[in-house]
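Given next are the chains, with one letter for each unit.
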Amino acid sequence: MALRTVTRKIGSKLLPRFSPASLLHSHATSFGFKEVREEEKSQMVGNVFSNVASNYDTMNDLMSVGLHRLWKDRLVSKLNPFPGMNHLDVAGGTGDVAFRILDSINSIKRRALLNVLEDDFQEETKVYVCDINLNMLNVGKKRAMQRGLGEDKSLLWVEGDAEALSFGDNTMDGYTIAFGIRNVTHIENALSEAYRVLKRGGRFLCLELSHVEVPVFKDFYDFYSFSIIPTLGELVAGDRESYQYLVESIRRFPPQETFASMIADAGFQKVEYENLVGGVVAIHSGLKI
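Each chain carries its own residue numbering, running from 1 in the written order of its sequence. Residues qualify for local features only when their pLDDT is at least 70, as the model is predicted, and side-chain atom pairs are given and counted only at 80 or more; totals for whole chains, interfaces and linings, by contrast, use all residues. Heavy atoms from the whole structure form the basis of all side-chain values; hydrogens and water molecules are not counted.

## Observations regarding helix H9 (residues 240-252)
For clarity, the cut-off: Going along the chain from the N terminus, every DSSP run of H or I of four or more residues is numbered as a helix, and every run of E of two or more is numbered as a strand. In this analysis, the expected span of each helix is defined as 1.5 Å times one less than the number of residues it contains. Three exposure classes are used, based on accessible area relative to the maximum for each residue type with a 1.4 Å probe and protein chains only: buried under 20%, partly exposed in between, and exposed over 50%. We define a polar contact as two N or O atoms separated by no more than 3.5 Å, with the added condition that, inside protein, one atom must be a possible hydrogen donor and the other a possible acceptor, whereas residues neighbouring each other in sequence contribute only through side-chain atom pairs.
Here H9 spans 19 Å end to end across 13 residues, near enough to the 18 Å set by a 1.5 Å rise per residue. Within the sequence span of H9, burial applies to Ser 242, Tyr 243, Tyr 245, Leu 246, Val 247, Glu 248, Ser 249 and Ile 250. The N-capping residue of H9, defined by a side-chain oxygen 3.4 Å from the backbone nitrogen of Glu 241, is Asp 239.

In structure tokens, the structure reads:
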């Protein structure tokens, strides 16, 4: 693992500044390796996740050999959840990150032996799971029921767009997005919305598939990504095209340094990122001051 802190100074050019317009025409965006009109991308991405929703968790286990569970654990440990927090997990439809946050908070409560009634504690903490895809949210709700969280008042499910959140300004203590931000049409808008809804002192954390830096490992990773993952999608989920898009979307996502620069441009301070498995995934973080 490598942890890197991004230092931004006025007038400094320590990091390249990223503009989607530098990659595509202003009225176009990428859908994997394809160039599509902006108004088409949301629907196309929505179709992908509607197709993969029922097999999403199974495919995550297969594609990452179960490592996605450890990556999400690391994300939540960096968040450092606390009782009574308002937290927003965006693109979190299946509930994986939200469940971990609640488990962490409940563990803190048990250790601290807080002198409050369980009902009062549950009312105090709010973890919002926001996803633009209703099928993904429905999978998450079913999983919550299976975990005994179906009636948990601290867990709320919201259908919403990362680029136009329905939450008020300065209302959240934390914001997470795992494997979701590369699928939005305008990444800079999603980052701006994250900054808007966070309180001062609130933390932004993003877990995303990223870019491998080690040459030999990169060759193997490229082979695995483009040859194995779509084949797994076809065999397990009966859907090669959706997983071909997912692989291509990773390659179109900005490199770690560039994405860190975008987070800083959105207003966040103390921006840093941590590479996991040689850059297969990265966790970026920032603080609203």
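## Re the pattern of salt bridges
For clarity, the cut-off: Here a salt bridge means any side-chain nitrogen of Lys or Arg lying within 4 Å of a carboxyl oxygen belonging to Asp or Glu.
Per the counting criterion, the structure on display carries 15 salt bridges. With its nearest N and O atoms 2.7 Å apart, the salt bridge here joins Asp 169 to Arg 196. Pair noted here: Asp 169 is in the loop between strand S6 (155-159) and strand S7 (172-178) and Arg 196 is in helix H7 (residues 187-197), with a separation of 27 residues, a long-range link. One salt-bridge network, held together by shared partners, links Lys 72, Asp 73, Asp 96, Arg 100 and Arg 143.

## What about the UniProt feature "binding site: S-adenosyl-L-methionine" (unreviewed entry) in the protein?
The condition is simple: UniProt positions are given in the numbering used here, feature names are shortened, and annotations may be inferred rather than shown by experiment. For this analysis, residues touch if any pair of their heavy atoms sits within 4.5 Å.
Feature annotation in UniProt places "binding site: S-adenosyl-L-methionine" (unreviewed entry) on Thr 94, Asp 131, Asp 161 and Ala 162, given in this structure's numbering. Mapped onto the elements of the fold, Thr 94 is located in the loop between strand S4 (86-90) and helix H4 (96-112). When its relative accessible area of 5% is taken as the criterion, Thr 94 is described as buried. In contact with Thr 94, other than residues within four places in its own chain, are Tyr 56, Asp 57, Phe 99, Met 136, Val 139, Gly 140 and Arg 143. Along the chain, Asp 161 turns up in the loop between S6 and S7. On the accessibility criterion, Asp 161 (29% relative accessible area) is partly exposed.

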